[in-house]
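One letter stands for each residue in the lines below.
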Amino acid sequence: MSEQKKKQQQKSGQKPKTAIQPTRVENYAEWYQQVVKAADMAETSAVRGCMVIKPWGYAVWENIQRGLDDMFKATGHQNAYFPLFIPLSYLEKEAQHVEGFAKECAVVTHHRLEPDGEGGLKPAGELDEPLVVRPTSEMIIGATFAKWIESWRDLPLLINQWANVVRWEMRTRLFLRTAEFLWQEGHTAHATEKEAVEETLQMLEVYRTFATDWLAMPVITGEKTEGERFPGAENTYCIEGMMQDRKALQAGTSHFLGQNFSKAQEICFADANTDKQYAWTTSWGVSTRLIGGLIMTHGDDDGMIMPPRVAPSHIVILPVLHKEETREAVLEYCNKLAADLRAKSYDGRPVRVELDLRDLRGGEKSWQWIKRGAPLRVEVGPRDMENDAVFVGRRDRGHKEKETIGRETFIDGISDMLAEMQEGLLERARAHRDENIRIIDDKDEFYAFFTPGENAGGKGVVPIHGGFAMTHFCGDVALEEQIKKDLGVTVRCIPTRGQGLPGQDEPGTCPFNGQESTTRVVWAKSY
RNA sequence: CAGGGUGUAGCUCAGCUUGGUAGAGCGGCGGCUUUGGGAGCCGCAAGUCGCAGGUUCGAAUCCUGUCGCCCUGACCA
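These numbers were taken from a predicted model, which means no experiment stands behind them. (Residues numbered from 1 in each chain as written. Chains lettered and ligands numbered in written order. Predicted model: local features only at pLDDT ≥ 70, side-chain atom pairs only at ≥ 80, totals over all residues. Heavy atoms only, no water.)

## Section: the pattern of salt bridges
A complete count under the given rule lists 30 salt bridges for this structure. With a shortest N-O distance of 2.7 Å, Asp40 and Lys54 are connected by a salt bridge. Pair noted here: Asp40 is in the loop between helix H2 (28-38) and strand E1 (42-44) and Lys54 is in the loop between strand E2 (51-53) and helix H3 (55-74), with a separation of 14 residues, a long-range link. For Asp40, a relative accessible area of 22% puts it in the partly exposed group. Taking the shortest distance from any N to any O, the salt bridge between Lys402 and Glu379 comes out at 2.9 Å. (Salt bridge = Lys/Arg side-chain N within 4 Å of Asp/Glu carboxyl O. Helix = DSSP H or I, 4+ residues; strand = E, 2+ residues; numbered from the N terminus. Buried < 20%, exposed > 50% of the residue type's maximum accessible area, 1.4 Å probe, protein only.)

## What to know about the layout of surface pockets
Taken as a whole, the largest pocket holds about 1,500 Å³ of empty space. Around the largest pocket sit 45 residues that line it, and Arg167, Glu169, Arg177, Gln250 and Arg289 are the ones nearest its centre. Counting residues per element, the ones that place at least two in the lining of the largest pocket are helix H5 (95-101), strand E8 (180-190), strand E11 (248-258), strand E14 (280-287), helix H15 (477-487) and strand E24 (490-495). Its residues assigned to classes, the lining of the largest pocket comprises 14 nonpolar, 16 polar and 15 charged. (1 Å grid on protein atoms, 1.4 Å probe; cavity = no way out; pocket = protein on both sides within 12 Å on 5 of 7 lines; lining within 4 Å. Points joined across faces, edges and corners; volume = space filled by probe spheres on them. Nonpolar A, V, L, I, M, F, W, Y, C, P; charged D, E, K, R; others polar.)

## Looking at the sheet that holds strand E9 (residues 219-223)
Spatially, the 11 strands line up as an open sheet ordered E3-E7-E8-E14-E11-E10-E9-E24-E27-E23-E22, and their pairing is mixed. Each edge of the open sheet carries a strand with a single partner, namely strand E3 (78-79) and strand E22 (437-439). Pairing geometry for E3 and strand E7 (residues 157-166), over two bridges, is parallel. Considered in E7, the bridge of Gln78 is made with Ile159. (Pairing = 2+ DSSP bridges.)

## Let's talk about the packing of aromatic side chains
With the rule as written, the count across this model stands at 19 aromatic pairs. Taken together, a centroid distance of 5.1 Å and an interplanar angle of 65 degrees make the contact between Phe446 and Phe450 edge-to-face. Comparing Phe446 with Phe450 shows no difference in burial state: the two are buried. Ring geometry for Phe449 and Phe450: centres 5.0 Å apart, planes at 75 degrees, overall edge-to-face. The ring of Trp369 is capped by Arg372, whose NZ or CZ atom sits 4.7 Å from the centre of that ring. (Phe/Tyr/Trp six-rings, centres within 6.5 Å; stacked < 30°, edge-to-face > 60°. Lys NZ or Arg CZ within 6 Å of the ring centre and 35° of its normal.)

## Some thoughts on the sheet that holds strand E19 (residues 376-380)
Across the sheet, which stays open at both edges, the five strands sit in the order E18-E15-E19-E20-E21 with mixed pairing between neighbours. Since the sheet does not close on itself, it has two edges, and those belong to strand E18 (353-355) and strand E21 (403-406), each with one partner. In this sheet, adjacent strand axes meet at a mean angle of 30 degrees when their direction is disregarded. Across five bridges, strand E15 (residues 315-319) lies against E19 in parallel orientation. Residue pairing for E19: Ile317 is matched across the bridge by Val378. Against the sheet, helix H13 (residues 407-435) engages E15, E19, strand E20 (389-394) and E21, with an angle of about 120 degrees to E21. (Axes fitted to C-alpha atoms, helices over the stretch in contact; angles between N-to-C directions. Contact = heavy atoms within 4.5 Å.)

## Considerations on helix H11 (residues 362-372)
For the α-helix, the turn length of 3.6 residues means that residues three or four positions removed from each other point alike. Buried within H11 we find Lys365, Ser366, Trp369, Ile370 and Arg372. A positive backbone phi angle near 85 degrees is found at Gly373, which sits one or two residues after H11.

## Structural notes on the domain arrangement of chain A
Partitioning chain A into structural domains gives domain 1 (30-298), domain 2 (308-434) and domain 3 (437-524). Each of domain 2 and domain 3 has a C-alpha centre, and these two points are 43 Å apart. (Domains from an automatic or database assignment.)

## Remarks on the confidence of the model for chain A
Confidence in the prediction of chain A, expressed as mean pLDDT, is 90, and 94% of residues score 70 or more. pLDDT under 50 marks residues 454-462. Its contacts with residues more than four places away, or in other chains, come to seven contacts. (pLDDT = per-residue confidence, 0-100.)

## Section: the nonpolar core
What tends to happen in soluble globular proteins is that the nonpolar side chains get buried as a cluster. With 52 residues, the main nonpolar core has Met41, Ile64, Leu68, Phe175 and Ile295 as its most contacted residues. Breaking this core down by element, the ones donating at least two residues are H2, H3, helix H7 (193-213), strand E10 (235-242), E11, E14, helix H9 (289-298) and E15. Residue-level mapping places this core at the junction of two domains, with at least three residues from each of domain 1 (30-298) and domain 2 (308-434). Not counting chain neighbours up to four residues away, the residues in contact with Ile295 comprise Trp31, Tyr32, Val35, Val36, Met41, Phe175, Gln244 and Met304. Counting 26 residues, the second largest nonpolar core, distinct from the first, contains Leu321, Leu376, Ile414 and Met421. (Core = buried A, V, L, I, M, F, W, Y, C linked by side-chain atoms within 4.5 Å.)

## Quick word on the pairing of strand E23 (residues 468-472)
Every other side chain in a regular strand lies on the same face of the sheet, so the side chains alternate between the two faces. Within E23, five of the five residues are buried, which leaves it mostly tucked inside the rest of the structure. Note: E22 against E23, three bridges, orientation parallel. Of the residues in E23, the one forming a bridge with Arg438 is Ala469. The sheet contact formed by E23 and strand E27 (residues 520-524) spans four bridges and is antiparallel.

## Considering helix H6 (residues 138-148)
With eight of its 11 residues buried, H6 lies for the most part within the structure. Every buried residue of H6 is accounted for by Glu138, Met139, Ile140, Ile141, Gly142, Ala143, Thr144 and Phe145.

## A short note on the side chain of Asp396
Mapped onto the fold, Asp396 is located in the loop between E20 and E21. Judged by its relative accessible area of 18%, Asp396 is buried. At a separation of 2.8 Å, a polar atom in the side chain of Asp396 contacts the side chain of Arg394. Contacts of Asp396, omitting those with residues within four sequence positions, involve Met421 and Arg428. (Polar contact = N/O pair within 3.5 Å; in protein donor to acceptor, adjacent residues only side chain to side chain.)

Below, the structure is given as C-alpha cells:
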C-alpha cells in the first residue's frame, strides 16, 4: 500500500479492511445480509417479504436442483406438477395440518378486477370457495393420489414436485425465511407402514448425502420431538447444520405421515385379498433455505465462498489488458485457456469457466469475484503469457495468497484442485461444528452454555456463543417449552445413532428433572 | 396484530426545532491521469422532499388524516 493511500485511510477512516462490513464477529446477522447483497445473489423486492433471486444466486439453486433431482430419480421418484391453488375445503380435512398452517396462508377470494371509479381497480367476482395459495401440497397432492390409487399394484407411488410455496411470515430474511420460496416436495404412498418408514429414512439419507457431498455442509440427522413435528405427521426427521454463529439451521425434513392424511383424504387401495386398506404416506422437502445455509456455513469476512460442486462458475479468468500492444495476444491466450479448461471435467461435467471481459478496473473486478465466492480467480497478463503460466487466487485462501502456476500444470490439475477445495470446505465446516458440540450432564452448565458472556457483544449485536449441547432428555413437552422460554433453545433433534456423535450409547438421566433417558438429544438455538 | 422508529436523487442520509421554494457522500455517465488492481482529479445527469387535505403571501419544514417500510414480540423450511 502506498504512503498516500495509508494517509487517506487514516484520514477518512472508512476504508474497509474486509470486503464485508460488519464482520461475522461484529454482527453476524448483519454480516449475513451484507454477503447476500455483496455476492449478488438476491435482493428484497417491492413485494413485502418476497425476494428477487439474482442470476448468481439462482445458478446455485439450479445446481442444487440438478444434484438432488438426479438423486430422486436414482431412488425411483418421478417429477410431476400440481396446482398452486388449494380449495379451502381441502385444507380443512386434516385438523392438525390446518392448525399448523392456517395463520400463514395467503388466500385468494376474487378472480377479476374492475375500475373502482377513482382511476384505480378493485377486486370483483368473488369466488364461491376461497383458494389457498399452497403453503405445502399434502392436501392437493393427496386428493390427486386418492384418484390415482386403486389397487395394491399402484403402489408405491413416488412423486416429487419442484415448486414455489407461500407462507405469510411476519419477519423475513433473504433465503432463510421469505414469504414465497422455492423448494421441492416429495410425496409418496405405500402399501405398508414398514415401506413408508423406509422411504422416509431413505430420503433423509439422500438429504444428508447431498448436504455433505454437494454443499460441504456437515449435518446431524435425527428425529424431531413432538413439539417440533410437522403438523399432521406421525414422525418428522431432519438434517441440522451448524452455522458459523453456532446456531442450528434445519436444512431439510422428511415426514412419516402414517395414515393420518390417507384417512383424511381417502387415499386407499384394494389389497391382494380385495380388502380396503389405507395407504401409508410420506413427504419430504428442502428449499432455497439451503442457499442461506451455504452462505452461513462457508462465507467469510470477504463474502461468499462457493463449494465447487454448486458454484455457478468454477473459474473466472481476468485478463490484464491495459497495454494496447499485448491486448490481442493476451485475449487469444485467455480464450485458449478457457477452451482448454472447459474441455476438462469436474464432478462428471465440463469445468465451468467464465472469461470476464468487462471494462472495469482490475481491482474492482477481482473483488467482485471474491465477494461472489468464485472458487478460482485466474489473472492472465503479458508476464504470465511469456512464462506460459497463470496467476491463480483460490477463494478458500487469503486474497493475497496468489500463486503462479504453469499453464499446463494448472489445466491438468484443475479437477483435483476443485475436488480438494470441496473437501477442504467440508473439513473446515466439520471441524468448526465438532469444536462446538458439548456433552452436558448438568443443568447449570447447560444454562451457562447458552447464556451470552459479558463480552458477547455490544448493544444490538447478535452474540456468538453456545453451540450444540448434547444432554439426556426425558422428552417432557412442558420442560422443553420452559427451556425455550428461558434460553430460546430447543431440541433440534434426537440424533440417529451411528453418526459418530459423542456420548450417545449409554443411557442416563435427564439433567433437568432426573428422569430416566435412553439417549442424548441435540439442543441449540435455531434459525 | 401490539410497542417503537422512519419515509428527501439509483443507494445511505443531512436539512425540519427558528417556513422563503433542495444538499452531501456513494453509485451512474463523460473526460484526463493512472494501471497486476477495490486509485486520483475535473465535469455531467438525476428528486412534483410517501400520499391527501389544511394553515400561510409562501410548506421538505407547522397541523390533520392516510399509506408504505424498518426494528422488537407471538409463528415459522
